[in-house]
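The chain contents come next:
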Amino acid sequence: MNRHSENLLAELRARLPERLPPKLGVAVSGGGDSVALMHLLHQVAQNEEIALFVATVDHGLRPDAAQEAVTVSRQAAALGLPHDILHWAGWDRSGNVQDEARKARYSLLAGWAQQRGIDAIALGHTADDQAETLLMRLGRSSGVTGLSGMSASRQWEGVTLLRPMLGITRKDLRTYLTGIGATWVEDPSNQDPRFDRIKAREAVSGLKPLGIDALSLSRVAENLAQAHAALGAFAQESARNVAQVEQSDVKVDRAGFAALPKEIRRRVLLGCLVWIAGLGYPPRQAAVEQAMKAIIEGRAGSLSGCLLVPEGMSVWICREFKAVEARISAPDEVWDSKWVLTGPEISGAEIRALGEDGLRQMPEWRETGRPRLALSATPAVWKGGAVLAAPLAGFANGWRADTTPEWPEFYASFLSH
Ligand SMILES: Nc1ncnc2c1ncn2[C@@H]1O[C@H](COP(=O)(O)OP(=O)(O)OP(=O)(O)O)[C@@H](O)[C@H]1O
């Protein structure tokens, strides 16, 4: 192995977890980056006790794709590695083809990994991909706040996706491949100037005169990731100090909240809202700003299906009855994205919000110390017009209530993004 290959190998190894999973998957499209990844990981596997598995997704979108997958098969076999071809047949011609193909690819790969007992899959994204991603996102976002590159590691449907080549350039990988006499295919869509990525690629080369290149941009992305991690840890600690969680409601200490830096306040509030309302997307910036002000000033408010209910030196953030009024589920099923009520089998029992009707039947709500408005949006077990049980103080008759995920688990994962 020459010096160049040794450097690449060291760079790759440094970005992989210190303890490699015993079974590591490699997603290889047949393009230069992922073919190089397969060869480099094969080298890693010589020195460490791990088993490598290779997979190629045939999206069935280009006539050459099937042949390319077979070529990867042959290349993997030459290294003594098992290889599987996964087929995507699910596209209904809706949505953006690239986005749909990417999602389908990751899901197929995750399913493959689970079937084979593989814990993590390595992907061939390079420093160039990272630089392009960063510029594309910078172009779309309103500034540096909230900007990030691709993460070096992320979860996808129960499998860890690793990107160990974010510090290596495409050019270096091609030099390496040429050096070992390996071949690869060039994906024609990588040249198509209609795609944003190609425009971003041109933008990256345009920065050369300023002394900025793919590697330096990929380092910027790494620094941003560190800054986000630091902010996340700060927000998590702050949430612990200023927010008290009672089942699905959060009681925020106004003075403590006001004393936090604005960006931390924003993150704590967003965490609460996403938790309480199970939001899949963040609320509008203006609404968040208003809510932050209302909390500090101790005023009532509502946003994203949640209510702000002032109480002395605190403000409760809770679910709004109006937003859950129509939700009905069976016992054991998830209600309002996070509650699961389990209990004895009762025919005709259903889970609905407590509402004013239910609160009247459950005078023990007063013992909870939580506002009436908050409790009216919590679930209860109903049969016809009668409440059989509700997770208030004295939730009984063999019933139990769980929220899923648990708050600390949710908050940790929410803030790590
Ligand atoms: N058809 C495929 N089969 C297996 N792995 C693939 C396939 N296509 C892409 N990959 C994996 O994903 C990595 C990144 O490829 P590519 O840049 O095309 O992916 P992407 O995740 O769709 O990102 P983007 O479209 O934003 O560039 C590849 O290096 C490879 O590891």
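Residues numbered from 1 in each chain as written. Predicted model: local features only at pLDDT ≥ 70, side-chain atom pairs only at ≥ 80, totals over all residues. Heavy atoms only, no water.

Caption draft 1: Representation of the sheet that holds strand β7 (residues 243-246). If you trace the five strands from one edge of the open sheet to the other, you get β7-β8-β11-β10-β9, paired in antiparallel fashion. Strands at the two margins of the open sheet, each flanked by one partner only, are β7 and β9 (301-303). Pairwise comparison of adjacent strand axes, ignoring direction, gives a mean angle of 25° for this sheet. Where strand β8 (residues 249-253) and strand β11 (residues 314-319) come together, four bridges link them in antiparallel fashion. (Pairing = 2+ DSSP bridges. Helix = DSSP H or I, 4+ residues; strand = E, 2+ residues; numbered from the N terminus. Axes fitted to C-alpha atoms, helices over the stretch in contact; angles between N-to-C directions.)

Caption draft 2: The arrangement of the pairing of strand β13 (residues 339-342) in detail. Pairing between strand β12 (residues 334-335) and β13: two bridges, direction antiparallel. Bridging across to β13, Trp335 finds its partner in Trp339. Following β12, the chain reverses through three residues before pairing antiparallel with β13; Asp336 in that reversal takes a positive phi of roughly 50°. Examined bridge by bridge, β13 and strand β17 (residues 400-403) share four bridges and lie antiparallel to one another. Across the sheet, the residue bridging to Leu341 is Ala401, located in β17.

Caption draft 3: Spatial organisation of unusual backbone geometry. One non-glycine residue, Glu157, adopts positive backbone phi at about 45°. Position of Glu157 relative to the elements: it lies in the loop between β5 (153-156) and β6 (159-162).

Caption draft 4: Layout of the packing of aromatic side chains. Here the structure, examined in full by the defined rule, presents one aromatic pair. When the ring of Tyr106 is compared with that of Trp156, the centres are 5.3 Å apart and the planes differ by 70°; the resulting orientation is edge-to-face. With Tyr106 in helix α4 (residues 97-116) and Trp156 in strand β5, this residue pair connects regions lying 50 residues apart in the sequence. Under the relative-accessibility criterion, Trp156 is labelled buried at 17%. (Phe/Tyr/Trp six-rings, centres within 6.5 Å; stacked < 30°, edge-to-face > 60°. Buried < 20%, exposed > 50% of the residue type's maximum accessible area, 1.4 Å probe, protein only.)

Caption draft 5: Here's a closer look at the domain arrangement of the protein. You can read the domains of the protein as domain 1 (3-215), domain 2 (226-320 + 410-415) and domain 3 (322-407). For domain 2 versus domain 3, the distance between C-alpha centres works out to 24 Å. For the pair domain 2 and domain 3, the two sides together bury roughly 1800 Å², of which 62% comes from carbon and sulfur. Per-residue buried area on domain 2 facing domain 3 is highest for Gln247, Trp275 and Arg319; these three make up 35% of the total on that side. For the interface between domain 2 and domain 3, the tally reads three salt bridges. Asp336 is the partner of Arg319 in a salt bridge, and the nearest nitrogen-oxygen pair spans 2.8 Å. (Domains from an automatic or database assignment. Buried area = accessible area lost by both parts, 1.4 Å probe. Salt bridge = Lys/Arg side-chain N within 4 Å of Asp/Glu carboxyl O.)

Caption draft 6: Quick look at the site of the ligand. The full set close to the ligand counts 15 residues, and Ala27, Arg105, Tyr106, Gly124 and Arg197 are the nearest of them. The side chain of Arg102 places a nitrogen or oxygen atom 2.9 Å from an oxygen atom of the ligand. Arg105 places a side-chain nitrogen or oxygen 2.4 Å from an oxygen atom of the ligand. Considered on its own, the ligand offers 610 Å² of accessible surface; in the complex 83% of this is hidden by protein. Put simply, the parts of the chain that give the shell around the ligand at least two residues each are β2 (51-58) and α4. Broken down by class, the residue content of the shell around the ligand amounts to six nonpolar, six polar and three charged. (Near = heavy atom within 4 Å. Polar contact = N/O pair within 3.5 Å; in protein donor to acceptor, adjacent residues only side chain to side chain. Areas by Shrake-Rupley, 256 points an atom, 1.4 Å probe, with all protein chains shown as cover. Nonpolar A, V, L, I, M, F, W, Y, C, P; charged D, E, K, R; others polar.)

Caption draft 7: Inspection of the packing of helix α5 (residues 127-140) against helix α8 (residues 214-242) at higher detail. Following both chains from N to C, one finds α5 and α8 inclined at 65°, their axes separated by 8 Å at the closest point. It follows from the interaxial angle that α5 and α8 lie roughly perpendicular. Of the two elements, α5 crosses α8, and the hand of that crossing is left-handed. Facing Ala127, Asp128, Gln130, Ala131, Leu134 and Leu135 of α5, the residues of α8 in contact are Ala214, Leu215, Leu217, Ser218, Val220, Ala221 and Leu224. Of the residues in the contact of α5 with α8, the class split is 10 nonpolar, two polar and one charged. (Parallel < 35°, antiparallel > 145°, perpendicular 65-115°, else oblique. Left-handed = near helix turned anticlockwise from the far one by under 90°. Contact = heavy atoms within 4.5 Å.)

Caption draft 8: Broad picture of the sheet that holds strand β15 (residues 379-383). The strand order across the open sheet built from three strands is β14-β15-β16, with neighbouring strands paired in antiparallel fashion. Each end of this open sheet is capped by a strand with a single partner; those strands are β14 (350-353) and β16 (386-389). Strand-to-strand twist across the sheet, computed as the mean angle between neighbouring axes with direction ignored, equals 55°. Judged from the three bridges that link them, β15 and β16 form a sheet pairing that is antiparallel. When the sheet's bridge partners are listed, Lys383 is paired in β16 with Ala386.

Caption draft 9: A look at the UniProt feature "binding site: ATP" (unreviewed entry) in the protein. The UniProt feature table records "binding site: ATP" (unreviewed entry) at Ser29, Gly30, Gly31, Gly32, Asp33 and Ser34. Its place among the elements puts Gly31 in the loop between β1 (23-27) and α2 (32-47). What makes Gly31 buried here is its relative accessible area of 16%. Discounting chain neighbours no more than four positions away, the residues touching Gly31 are Trp184 and Val185. Relative to the helices and strands, Ser34 resides in helix α2. By relative accessible area, Ser34 is classed as buried at 6%. Not counting residues within four places of it along the chain, the set of residues in contact with Ser34 comprises Ala27, Val28 and Ser29. (UniProt positions renumbered as here; feature names shortened; annotations may be inferred.)

Caption draft 10: Focus on the pattern of salt bridges. Inspection of the entire model under this criterion finds 32 salt bridges. The salt bridge involving Asp99 is made with Arg102; its shortest N-O contact spans 3.3 Å. In this pair, Asp99 and Arg102 both sit in helix α4, three residues apart, roughly one turn of the helix. Salt-bridge contacts for Arg174 lead to Glu186; the nearest nitrogen and oxygen are separated by 3.8 Å. With a gap of 12 residues between them, Arg174 in helix α6 (residues 170-180) and Glu186 in the loop between α6 and α7 (196-206) connect regions that are remote in the sequence. On the basis of relative accessibility, which here comes to 45%, the residue Glu186 falls in the partly exposed class. A network of salt bridges, in which partner residues are shared, links Asp33, Asp129, Glu132, Arg170, Arg174, Glu186, Arg197 and Arg201.

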